[in-house]
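Report on the structure
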Amino acid sequence: MKPARTKTPRKLPVKKGSQTSLKDPVGVYCRVRPLSIPDQECCIEVISSTTVQLHTPEGYRLNRNGDYKETQYSFKQVFGTHTTQKELFDAVANPLVEDLIHGKNGLLFTYGVTGSGKTHTMTGSPGEGGLLPRCLDMIFNSVGSLQAKRYVFKSNDRNSMDIQCEVDALLERQKREATPNPKTPSSKRQVDPEFADMINVQEFCKAQDVDEDSVYGVFVSYIEIYNNYIYDLLEEALFDPIKPKWNSCSTPMRSTDFVPPQSKLLREDKNHNMYVAGCTEVEVKSTEEAFEVFWRGQKKRRIANTHLNRESSRSHSVFNIKLVQAPLDADGDNVLQEKEQITISQLSLVDLAGSERTNRTKAEGNRLREAGNINQSLMTLRTCMEVLRENQMYGTNKMVPYRDSKLTHLFKNYFDGEGKVRLIVCVNPKAEDYEESLQVMRFAEVTQEVEVARPVDKVICGLTPGRRYRHQARGGAVGDEPLVSEVVLQSFPPLPSCEILDVNDEQTLPRLIEALEKRHRLRQMMADEFSRQAIAFKALLQEFDNAVLNKENYIQGKLNEKEKVISGQKLEIEQLEKKNKTLEYKMEVLEKTAAIYEEDQRALQQRLEAQGQRLQRQLSDKRRLEARLQGMVTETSMKWEKECERRVAAKQLEMQNKLWVKDEKLKQLKAIVTEPKSDKPERPSRERDREKVTPRSASPPPVPNAPPIRLRHRRSRSAGDRWVDHKPASNVQTETVMQPHVPHAITVSVPSEKALAKCEKYMLTHQELASDGEIETKLIKGDVFKTRGGGQSVQFTDIETVKQESPTGRKRRSSTAAPAQPDGTESEWTDVETRCSVAVEMRAGSQLGPGYQHHAQPKRKKP
C-alpha cells in the first residue's frame, strides 16, 4: 500500500495532460513601501512600471573594496510608494475573484522581509482596506442577492459539500437559533468599530457574467502555520490556551478541563486535493460577517515584538474563501438536489511571515526558534520553485519536495494546475534591508519563470438558462414562496386530541377517525390531480420527442450534403500539399539566410544593450553625485548662515553693552559738570562708602544732637484681618525705611489652597523697573472668597506703590553750601571734585538696566 500511495502525487500531472494543456507563468508583482524616514538612504529605485533597480548602499561598497553593482529585476507590474490599495486590488486580486465566481481556484501570496508591509497589503489599515476586505466586498456584491438560505449547503469533513432540502435547512436553522453558536455570526449584530473602517470600501466592484440560474453559498476558514504545525484560528477553546488558570495562591492550577490548541493534519480528498482535516468552516452572508470571523481569528494569531518590527508575524496565516454553487431545477424555484452538480471553488489568501536574520532581530529563546522555522519553510518554498523551473526548462522529472514543509504541502495542487497563482513581493527600500531584499528579488526571479497549467472550465449543467426570471415572472421567487410540502401540510385538517382519559370516552376516537377520513379523501383528490397532470406532462414530452426527431432527420440530410462538399475539398487539399512541399524547400533556404542575419543582429543588439547599460549607470552616477553635492552645498550654507547669525547676535549684544556703559558714564559726567563746586571739598571716606551712601535730599538737614531715627514699618490699612503675604522668591530685598508689614500674616513664596483657607485677605508683593530704571514695588491686595466647589478665589481690590530713587538720579541742588551733618561731617556729594573722585563700575551685559548692580567706590588720589 505504501508504494502505491507515494506514486499518487507524481502521477497527477501526467494524468491531467499538462504537456498538451495551456500553461501560464506565475504572476509576480512588486510593491515598494514608502520610507519611514524621508531622508533615509535608499537601495531600491523604481525604473518603470515593470522594472526596479537594486544598487549597493554606501556602507556595503566600503566593506567590499568599493565594489559597486546595480541589478535590474523585471516583474509583471511594479507598484510604487504612492500606489493605493484600490489600484493594487484591480490589478492583482480582481481577476482571481472573477475566476472564483466562475468556478476556478486561486492562490495569492504576500512575500517579503519583516516590516516590508505584507500584512498592510493583505489586511489594510483603518480607512484603507487591504486585498482581503476588498475581495469579500466584491464577492458579496456579485452573489449577495443569489445566495441560498443558510444551511442549504452543509460542510463535511471530506473537503466537499452536502446539499439539503429546504425543510431540513429550515429545521437546522430553528435548531441553531434555539442554541446560539459563537462560530456563526449574526447578520443583525452591529459592526465592530475596531474594524468598521477597514471594510468600508467606497468603490463598488462587481464581477461580470454571473450565472443567475444558480444559488451560492460562501464559507470561510482561517488557519496559521506556526513552527511547521497547523492550528485552526476559528476553533473555540474552553479558555485561553496561552495563559494558564491561576488559583487563589497565585500558582498555576492543574485542571483537567484545560485543552491546549491541537494541531491539525493534512489529508488528501478523492480528487487528490490537499485540505486541513477538522478545520472550522463558517457560512457567512455578508462582508461584515466574513470580516468579523477573520478578525476573531486574527486576534489569536501569534505576533511578537522584535528589534525590527513592533508587531512581527510569527506564523504563516491562510484565509480560505470557499464559494459553493448549485443550479436551480427546471422550474427555477428550488435548488437541484444532485450532489454531482455542486461546483466548489476556493480562493486562498496567504500572509507569509517575514524572512529575517537573527543577528538583526536580536532574537533569543522562542523568538529564535520561530525565526528558524519561518526561514526553513520559506527556503522549502524556494526549493520547490527551483525544482519546478528545472523540470519545465530541461525536461527532467525530479521529485518536488512539497512534503518538506506544511506550507508547500498544503498548496501543491495549485502548482499542479488547480488554479491561478499570484505572488506580491513587498520590499522596503531602506539600505539596512539590502541583503534581505536581494534574496527576495532572486526568489521572485525564479518564481516568475515557473509555469502552471491553466485550469479547465467546469460544466455545471445543461438546463435551460433564464429559469430564475421565468419563475419570478410567474409570481414566485426563490426563497420568497412557501415550500410545496408546507402548503400540503397546511391544507390538511388539523388532528384532534388523541389522549383518552376515560374508559367510557366515546367521542375522541370517532373524531380522530373522521379527521383521518377527511385527510384520506383529500390525499386521494391530490393523487388524482397529480395523475392527470402527469398524463398531460407525458403528452407534452411526446410532442417534444417528435419535434426533436424531426429536427434530427433534417440535420442528418444537411450533414450528407456537407460530406459531399468535404470530399471535393479533400482533392483540392492534396494538390495544395504538393505545392506546399515545394514552397517549404524554398523556405528552408530563406530560413538559413535569415538565421545568419539574425545572428549578426543579435550580436549588434548585445553590443547596443551593453552600451545602453553603461550609459544608464553613468547617468545614475551623475544623478547621485549631483544630489550628494546639492545636499552638501545646502548643509554648508545652512551651517554658515547659523554661524553668521550667532556672530551677529553676539556682536550686537557686545555693542549694546558698550553703548550702555558709555551712556551711563556720560550721564554721570553730565551730572558732575553741571553742579557747582563747594567751598571746602572733602575727600569721602572709603569706610563710609562701603557701609552706606548718604542720599541727597532737598529737605533741610536734621537738627544737631537729635536722637537717631528708628526704622519703622509702614502699617497696612486693613491690619485687623488675617492676611496671606505672597512674596515671590525672585524679589530683590530693598533697604528702604518704609517697609510693607502686616502683623499676624502667613508669608508664602507660592500661594496654596491651605493658606488661603485660613485667611480673609491676600497681598502680592510685585517688583518691576520704573521708567527711570529704579525698583518700583507694588502691593496688590484682594479679598479671599470661598467658591461653591469648596475652593478659594481672590478678588483684587487695591494697589499700593512703593518706589525708591538712587542719589545719582537726583537733580542738582542749590549751589549754596550744604549744612553740617548731625555727626559734624559735611556732605560727601556737594562738590564737583568729590563727585569726580567716584568711579562708576557696571557689570557688562546686565539685564536689569541702569540703576542696578552699581557699586560706587572712591578713587584713591595720587600722593
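The text that follows walks through the structure, step by step, so that each part is easy to find. The model shown is predicted, which means the values in this text are computed figures rather than measured ones.

1. Some words on the nonpolar core
By size, the foremost hydrophobic cluster in this structure holds 54 residues, and its most contacted members are F75, F109, M385, F411 and M441. In this structure F75 touches V28, Y29, C30, T50, V52, V425, M441, A444 and Q448, once residues within four positions along its chain are discounted. The next biggest cluster of nonpolar side chains, apart from the first, holds 46 residues, and it includes L136, C205, V284 and C426.

2. As for a nonpolar patch on the surface
Nonpolar side chains collect at one region of the surface, where F537, L540 and L541 lie side by side and expose about 300 Å² of accessible area between them. Topologically, L541 is positioned in helix α15 (residues 508-674). Under the relative-accessibility criterion, L541 is labelled partly exposed at 36%.

3. Regarding the sheet that holds strand β4 (residues 51-55)
Spatially, β3-β4-β5 is the arrangement adopted by the three strands of the open sheet, whose pairing is antiparallel. Strands with a single pairing partner mark the edges of an open sheet, and in this sheet they are β3 (44-46) and β5 (70-74). Across the sheet, the mean angle separating the axes of adjacent strands is 25° when strand polarity is ignored. Note that β3 and β4 share three bridges and pair antiparallel. Residue E45 lies in a different strand from β4, and its bridge partner there is Q53. On top of the sheet, helix α12 (residues 434-447) reaches β3, β4 and β5; it is set at about 145° to β4, its chief contact. Strands in contact with α15 are β3, β4 and β5; relative to β5, the strand with the most contacts, it is inclined by about 110°.

4. Topic: the pattern of salt bridges
In this structure the tally under the stated criterion is 27 salt bridges. The partner of K264 in a salt bridge is E235, with the nearest N and O atoms 3.4 Å apart. Pair noted here: K264 is in the loop between β13 (229-232) and β14 (266-268) and E235 is in the loop between β13 and β14, with a separation of 29 residues, a long-range link. Counted as one network, the salt bridges with shared partners bring together E70, D621 and R624.

5. Notes on the packing of aromatic side chains
Taken as a whole, this structure holds ten aromatic pairs when the rule is applied. Relative to F319, the ring of Y222 has its centre 5.6 Å away and its plane inclined at 80°; by these criteria the two rings are edge-to-face. One end of the pair, Y222, is in strand β12 (residues 214-226); the other, F319, is in strand β19 (residues 316-327), and 97 residues separate them in sequence. One exposure class covers both Y222 and F319, and it is buried. Taking 5.9 Å as the distance between ring centres and 55° as the angle between the ring planes, the aromatic pair formed by F411 and Y414 counts as tilted. Here F411 falls in the buried class, since its relative accessible area comes to 3%. Y414 gets classed as buried once you look at its relative accessible area, which sits at 7%.

6. Let's talk about helix α5 (residues 131-143)
Between the first and last C-alpha of α5 there are 18 Å, a value that for 13 residues agrees with the 18 Å anticipated at 1.5 Å per step. In terms of burial, α5 is a largely internal element, twelve of the 13 residues being buried. Along α5, the positions that sit buried rather than exposed are L131, L132, P133, R134, C135, L136, D137, M138, I139, F140, S142 and V143.

7. Observations concerning unusual backbone geometry
If you check the backbone angles, D209 has positive phi at about 55° while not being a glycine. Relative to the elements of secondary structure, D209 occurs in the loop between α6 (166-178) and β12. Non-glycine residue N227 carries a positive phi angle of around 55°. Structurally, N227 can be placed in the loop between β12 and β13. On the basis of relative accessibility, which here comes to 9%, the residue N227 falls in the buried class.

8. Examining the environment of M399
Structurally, the position occupied by M399 is in the loop between α9 (366-394) and α10 (406-410). Looking at M399, the relative accessible area reads 58%, which means it is exposed. Separated by twelve residues in sequence, M399 and V387 have C-alpha atoms that sit 7.8 Å apart.

9. Here's the deal with the sheet that holds strand β24 (residues 723-726)
Strand order in this open sheet of five strands is β26-β24-β27-β28-β29, and the pairing throughout is mixed. Each edge of the sheet is formed by a strand with only one pairing partner; in this case those strands are β26 (746-748) and β29 (792-803). On average, each strand axis in the sheet is inclined to that of its neighbour by 25°, with strand direction left out of account. Relative to β26, β24 is paired through three bridges, and the arrangement is parallel. Among the inter-strand pairings, H726 is bridged to a residue of β26, identified as V748.

Reading the values: the criteria
- Residues numbered from 1 in each chain as written.
- Predicted model: local features only at pLDDT ≥ 70, side-chain atom pairs only at ≥ 80, totals over all residues.
- Heavy atoms only, no water.
- Core = buried A, V, L, I, M, F, W, Y, C linked by side-chain atoms within 4.5 Å.
- Buried < 20%, exposed > 50% of the residue type's maximum accessible area, 1.4 Å probe, protein only.
- Contact = heavy atoms within 4.5 Å.
- Patch = residues over 30% accessible without salt bridge, like charges linked within 9 Å, V, L, I, M, F, W, Y side chains within 5 Å.
- Areas by Shrake-Rupley, 256 points an atom, 1.4 Å probe, with all protein chains shown as cover.
- Salt bridge = Lys/Arg side-chain N within 4 Å of Asp/Glu carboxyl O.
- Helix = DSSP H or I, 4+ residues; strand = E, 2+ residues; numbered from the N terminus.
- Pairing = 2+ DSSP bridges.
- Axes fitted to C-alpha atoms, helices over the stretch in contact; angles between N-to-C directions.
- Phe/Tyr/Trp six-rings, centres within 6.5 Å; stacked < 30°, edge-to-face > 60°.
- Expected span 1.5 Å × (residues − 1).

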